[in-house]
Amino acid sequence: MISISKRCPKLIFLNHLLLRAMNSSDLTSKGRSYLPKNDVGFHERWVLIKAFQDLMRGVRGSLEEAYFFIALLREGKIRAPTSATLGEILAPYRAKAEAMNFPNLMEQVNRGLEKPVPFAEAYGSLQSARNCLEHRDGVVGRRDVDATGVLKISVPRAKIFVEQNGAEIEVYKNFYAEKDTVIQMRMETRDLVFRLGEPLKISAKDFDDIAFACANFGTMLAQQLPKVPSLG
């Protein structure tokens, strides 16, 4: 089974808690008084950088495992010396997956899935946000923007909503719905737009959406893997 990561969930969760704390009222005013103003910004960026690194590592790891699974399934039978260990036999397949850049790896995996799972644009956005935070202290620089001077971060999110009088009403905290109301969900993309020289502000809510989308990517990847032929 493919998961978002074998090592990352606890790290992502801890980073998420830290980010939420830094966005809370306790740390926005009185709770932050013990830190110099510049230090607060540094800690927020550090937490976001770690959070994005963990998410990207998890997404990448899940994709490599999917490639590995598909490649072995296509191979069928593998001839190897009797003295070889399982790790030695499988090493070339893992090395090939690790050597690919993300778009190529995504393309190779999608070719082997029952139904393609798009995620290249979202991964590119994660990479852009991380680069800005890590290399330019979270301030949008010339290397971050497109020809129009804009950095666009596409945030995949799950929209949970109900239909009322022909309109979609998004569910919110303490939302009240009548009995037998059908609650629906779909994935959509929300764009965060930043201009040259602006600080890259990503809230805990934004990170919630991004983390959920990454986890959902792992689930969809597992669901679309080719089925193992029956031995019977």
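Just above sits the structure.
This report concerns the structure included in the present document.

**A word on the sheet that holds strand β2 (residues 167-170)**
- One open sheet holds the 3 strands; their spatial order is β2-β1-β3, and the pairing between them is antiparallel. The strands lining the two open edges of the sheet, one partner per strand, are β2 and β3 (184-195). Put simply, the sheet's adjacent strands are angled 50° from each other on average, direction ignored.
- Note: strand β1 (residues 150-164) against β3, 12 bridges, orientation antiparallel. Residue pairing for β3: R157 is matched across the bridge by E188.
- Along the sheet, helix α7 (residues 204-223) contacts β1 and β3; its crossing angle with β1, the most-contacted strand, is approximately 80°.

**So, the pattern of salt bridges**
- Scanning all chains against the criterion turns up 12 salt bridges.
- The salt bridge partner of E168 is K159, with a shortest N-O separation of 3.0 Å.
- By relative accessible area, which is 33% here, E168 ends up partly exposed.
- In this structure, D206 engages R190 in a salt bridge whose closest nitrogen and oxygen atoms are separated by 2.9 Å.

**Digging into the packing of aromatic side chains**
- Counting across every chain of the model gives 4 aromatic pairs.
- Aromatic side chains F52 and F207 sit 6.4 Å apart centroid to centroid with 90° between the ring planes, which places their arrangement in the edge-to-face category. On the criterion of sequence distance, the pair formed by F52 in helix α3 (residues 37-75) and F207 in helix α7 is long-range, its members being 155 residues apart.
- For F207, a relative accessible area of 0% corresponds to the buried category.
- Arranged with centres 3.6 Å apart and planes meeting at 0°, the rings of F102 and Y123 form a pair that is stacked.

Rules and cut-offs
Residues numbered from 1 in each chain as written. Predicted model: local features only at pLDDT ≥ 70, side-chain atom pairs only at ≥ 80, totals over all residues. Heavy atoms only, no water. Pairing = 2+ DSSP bridges. Helix = DSSP H or I, 4+ residues; strand = E, 2+ residues; numbered from the N terminus. Axes fitted to C-alpha atoms, helices over the stretch in contact; angles between N-to-C directions. Contact = heavy atoms within 4.5 Å. Salt bridge = Lys/Arg side-chain N within 4 Å of Asp/Glu carboxyl O. Buried < 20%, exposed > 50% of the residue type's maximum accessible area, 1.4 Å probe, protein only. Phe/Tyr/Trp six-rings, centres within 6.5 Å; stacked < 30°, edge-to-face > 60°.

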